[in-house]
Amino acid sequence: MARTKRRRPMLLNLALLLLGAYLAIVALVFACQRQLLYFPQVDRPEPWFAMRSGLTFWPSDSDYQGLIGPEVGDKPRGTILVFHGNAGRAIERTDYVEALAPRGFRVILIEYPGYGGRPGSPSEKSLVESGREAVRLARKESDAPIYVWGESLGAGVAAAVLADPTLPVDGLVLITPWASLPAVAQYTYPFLPAQYLVKDRFDSIANLKSFSKPVAVLLAEKDEVIPISHGQRLYDSITSPRQRWIFTGAGHNTWPSRKSELWWDEVVKFFSLESGLKPESAGNTEANREKPAG
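1. Some details on the packing of aromatic side chains
By the definition in use, this model includes 18 aromatic pairs. Ring plane angle 15° and centroid distance 6.0 Å describe the contact between phenylalanine 247 and tryptophan 255, whose orientation is recorded as stacked. Of the two residues, phenylalanine 247 and tryptophan 255, both sit in the buried class. Plain terms: the ring middles of phenylalanine 247 and tryptophan 263 are 5.5 Å apart, the flat faces sit at 65° to each other, and that makes the pair edge-to-face. On the criterion of sequence distance, the pair formed by phenylalanine 247 in strand β8 (residues 242-247) and tryptophan 263 in helix α11 (residues 262-275) is long-range, its members being 16 residues apart. Side by side, phenylalanine 247 and tryptophan 263 carry an identical accessibility label, which is buried. Three or more aromatic residues link up through ring pairs in this structure, and these residues are Tyr96, Trp149, Phe247, Trp255, Trp263 and Trp264. The cationic tip of arginine 242 hangs over the ring face of tyrosine 235; the distance from NZ or CZ to the ring centre is 4.3 Å.

Listed below in structure tokens is the structure:
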């Protein structure tokens, strides 16, 4: 009996110790969450490296917000603002320029605060404010249609940018998106109350609730970072004209990005039809809805 009484305080002390350790981990994750979320490469690209990639600083070398691809003639089909994924810098996303510039679009690779030598530090507020400023500046430069593209983290940024209904945007492309960042955080850290700890919410479902222009959603079937079910939940919530592509067998970073891929043309045709522009070859867009790609 005496041994049992001694064991109870020991078990209680062990439980309290484990609880304290768990709460310490929770507190550490909460305090360091932006370091766990954002992975910027902070070095500013060298001008010669940008030029070798066919890019120039936009809108200027001294105060740049991104990198712009080559001119595409007097009457471009539109301006595409690309919000890139988490790690690295905008200059490493030249696939978008290589694919979309030959298709007649001005392409601007938007850089985030705290990334690629830009001042500031990344947060939902700073990324969204900077993104909205970039959209307004692009409109001042050209009256061609403006399309916003976002990949992974950039899809969350793009959706949050477009929560402002006054922005002159004609269409949206979301590649490997989430429904909300707290849901992804809970998936990534299932042993923590992660969804309640996240400061930067990036709630794409809520942010796109009032968006009325065409939305293309591209999902990777085997996405190991943001499960396809998260992107599908976002797609199901969209009430504006929408179209979905699924890259069969692809992971989060292995979806087909070569400029020869047919899905680039399908997305462009989708926007051309919905925005009233006359496409070169319309195809049967209704039949292409829900079409797997890749």
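2. Here we look at the pairing of strand β7 (residues 215-220)
Of all the 6 residues making up β7, 6 are buried; the element is thus mostly covered by neighbouring parts of the structure. Two strands pair when backbone bridges link them, and strand β6 (residues 171-175) and β7 are joined in this way by 4 bridges, in the parallel orientation. Counterpart to leucine 172 in the pairing with β7 is valine 215. Bridging between β7 and β8 involves 6 bridges; their strand directions are parallel. Considered in β8, the bridge of alanine 216 is made with glutamine 243. For the segment spanning β7, helix α10 (residues 228-237) and β8, crossover handedness is right-handed.

Cut-offs and rules
Residues numbered from 1 in each chain as written. Predicted model: local features only at pLDDT ≥ 70, side-chain atom pairs only at ≥ 80, totals over all residues. Heavy atoms only, no water. Phe/Tyr/Trp six-rings, centres within 6.5 Å; stacked < 30°, edge-to-face > 60°. Buried < 20%, exposed > 50% of the residue type's maximum accessible area, 1.4 Å probe, protein only. Helix = DSSP H or I, 4+ residues; strand = E, 2+ residues; numbered from the N terminus. Lys NZ or Arg CZ within 6 Å of the ring centre and 35° of its normal. Pairing = 2+ DSSP bridges. Right-handed = clockwise from strand over helix to strand, strands pointing away.

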